[in-house]
Amino acid sequence: MAHLLIVGWLMLRPRTVPWVPAANLQPLASIHAELARGGWAAVWHLGAPVLLLAPLGVLLPLVGGRLNVSPWGSVTRTVFAGVMISLTIELLQTSVPGQVPDVDTVLLNALGVALAHLVVVPGARSRLRRRDERSQGATPRISRVSLAPQADVFSGGRTYF
């Protein structure tokens, strides 16, 4: 929650700028423009959106707290949630002075969420499952246990005298 508050503050506060570029609604246009510039400026402008929501790739699966889930289902749910959060931020930016919505930011945010999830979550879940199995130990077995009579198992069953 704190991470989303910081992201919201960074992305939705008004900025005082002398001019504002037009909104980018064409996918990959600003990515191509930044790559054409080259150098550290391109790394900075493309890396910042990738890193902005990347922690959600790890934090969102922690919210569920489940260890035994489908890896692809987990990635799909996490990336979908990251895209929806990013899209919400971009739509809210349309009403903030000095902030310009960019469809490529949504793509880069989704890439960051997916990369963080794929790098951290499967290994962490595997380690937690192993630790959980070790802490529980082997299944306890009680010797000399027989089956209960049918009357004890089923409430409407026959009784034996």
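Predicted model only: the values in this text are computed from it and were never measured. (Residues numbered from 1 in each chain as written. Predicted model: local features only at pLDDT ≥ 70, side-chain atom pairs only at ≥ 80, totals over all residues. Heavy atoms only, no water.)

(A) Region of the structure containing the layout of surface pockets. Roughly 890 Å³ of internal volume is contained in the largest pocket. Lining the largest pocket are 31 residues, with Arg-15, His-45, Val-100, Asp-102 and Thr-105 positioned closest to its centre. Of all the elements in the fold, those that place two or more residues in the lining of the largest pocket are helix H1 (2–12), helix H2 (29–37), helix H3 (39–52), helix H5 (71–93) and helix H6 (103–136). Class assignment of the residues belonging to the lining of the largest pocket gives a composition of 17 nonpolar, seven polar and seven charged. The volume enclosed by the second largest pocket comes to roughly 160 Å³. As for the second largest pocket, its lining consists of Val-58, Pro-61, Leu-62, Gly-65, Arg-66, Leu-67, Val-120, Val-121, Ala-124, Arg-125 and Leu-128. Of all elements in the fold, only helix H4 (56–64) and H6 reach the threshold of two or more residues within the lining of the second largest pocket. With five residues, the top contributor of residues to the lining of the second largest pocket is H6. A per-class count over the lining of the second largest pocket returns eight nonpolar, one polar and two charged. (1 Å grid on protein atoms, 1.4 Å probe; cavity = no way out; pocket = protein on both sides within 12 Å on 5 of 7 lines; lining within 4 Å. Points joined across faces, edges and corners; volume = space filled by probe spheres on them. Helix = DSSP H or I, 4+ residues; strand = E, 2+ residues; numbered from the N terminus. Nonpolar A, V, L, I, M, F, W, Y, C, P; charged D, E, K, R; others polar.)

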